[in-house]
Structures are given as C-alpha cells and as structure tokens.
Amino acid sequence: MGPGDFRRCRERISQGLQGLPGRAELWFPPRPACDFSGDGRSTDIQEEALAASQLLEDLRRRLTRAFQWAVQRAISRRVQEAAAAAAREEQSWTRVEATLARLRVELVEMHFQNHQLARTLLDLNMKVQQLKKEYELEITSDSQSPKDDAANPE
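Residues numbered from 1 in each chain as written. Predicted model: local features only at pLDDT ≥ 70, side-chain atom pairs only at ≥ 80, totals over all residues. Heavy atoms only, no water.

Student: Just checking my understanding: could you explain the overall build of the protein chain for this structure?
Tutor: Per the secondary structure count, the protein chain includes two helices and zero strands. Here the protein chain, with 154 residues, has 7% of them falling under the buried criterion. Expressed as a percentage of contacts within the protein chain between residues at least 6 apart in sequence, the contacts between residues at least 24 apart total 50%. Counting only carbon and sulfur atoms, one obtains 57% of the accessible surface of the protein chain, whose full area is about 13500 Å². (Helix = DSSP H or I, 4+ residues; strand = E, 2+ residues; numbered from the N terminus. Buried < 20%, exposed > 50% of the residue type's maximum accessible area, 1.4 Å probe, protein only. Contact = heavy atoms within 4.5 Å. Areas by Shrake-Rupley, 256 points an atom, 1.4 Å probe, with all protein chains shown as cover.)

Structure, rendered in structure tokens:
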C-alpha cells in the first residue's frame, strides 16, 4: 500500500461528498470509505481517518456555533440600532412638539397684542374725531363772533 492508494481513497471520499452542498470541506462520514486489506498499516490508516473525521466533525460543530453566535449578535445589534433609531425619532418628535407649543404661546400673545393695538387705534381715532369736531366748532364760533362784533359796535 503506497501513498497513491491513500490519495485515491481521499479523492473518493471527497467525490462522494460533492452531492452535499457546502459540506465537502467540513464533513467526512465516520466510517472509512476505503477498504485497506493486508498489513497492519491499514488499521493505522483507518484509525487516522476516523480521528480526522472526528476532528472535522468537531470543527464543523464549532464553526456552526460560531456562525450562529455571530448571526445572533448581528440580529441583536440590529435590534439595538432599531431601538436607538426609534428613540432618536421619538426625541425628534418631542422637540418638534415642544417647538410647536412655544410657537402657539407666542401666537396667542401676538393675537392678544393685536387686539390691544386695534383697541388703541380705535380709541385714538375716536379722540381725533372729537378733536376735529371741537376744532370745527371753535372755528365756526370764531367766524361768527367777529361778524357779530362788527354788526354790534358798542
């Protein structure tokens, strides 16, 4: 039994696994695929093949666990990022609502000031009208008074 026999055995094993997608590098069946007959070296090779398949199975389990852990961590990170984004959005809405409340207060104050100014303008307009009437009365009384003085010389 030469090194070529062991190589052919490995080729047959990997060819048998090509039907399993993605597993040809990670998994070997626990039973040897080659039948070595003859000297005691075949038992050593079978034991090595069994040990190698167990080692590969252990490696496959570890890789699977590591991959599952990485996926769970990525999912957890995405959930945390989504929660953080939701919190940021909530804070943003809170700021918008607070700003709107301040603007409403200012608008109410401006509305009140507008009414005060309108009332003040109406009062001023009434006073201007009264002053106009008083002025007109004064002018008419002054214009009638000198005529009366000229007609009545005393």
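Student: Got a minute to help me understand a nonpolar patch on the surface in this structure?
Tutor: A contiguous nonpolar patch, built from Phe67, Val71, Ile75 and Val79 and spanning about 380 Å² of accessible area, is present on the exposed surface. The residue Val71 is located in helix α2 (residues 41-151) in this model. (Patch = residues over 30% accessible without salt bridge, like charges linked within 9 Å, V, L, I, M, F, W, Y side chains within 5 Å. Salt bridge = Lys/Arg side-chain N within 4 Å of Asp/Glu carboxyl O.)

Student: How should the pattern of salt bridges be read in this particular structure?
Tutor: It is possible for side chains bearing opposite charge to pair when their charged atoms get close. What the rule picks out here adds up to four salt bridges. Measuring nitrogen to oxygen at the nearest pair gives 2.4 Å for the salt bridge that ties Glu57 to Arg60. Pair noted here: Glu57 and Arg60 are both in helix α2, with a separation of three residues, about one helical turn. Relative accessible area serves as the criterion here: at 19%, Glu57 is assigned to the buried category. The shortest N-O distance in the salt bridge between Arg61 and Glu57 comes to 4.0 Å.

Student: Is there a simple way to explain the confidence of the model for the protein chain in this structure?
Tutor: Low pLDDT marks stretches whose predicted atomic positions should not be read closely. Confidence in the prediction of the protein chain, expressed as mean pLDDT, is 80, and 68% of residues score 70 or more. Low confidence marks residues 17-21, where pLDDT is under 50. Its contacts with residues over four positions away, or in another chain, come to five contacts. (pLDDT = per-residue confidence, 0-100.)

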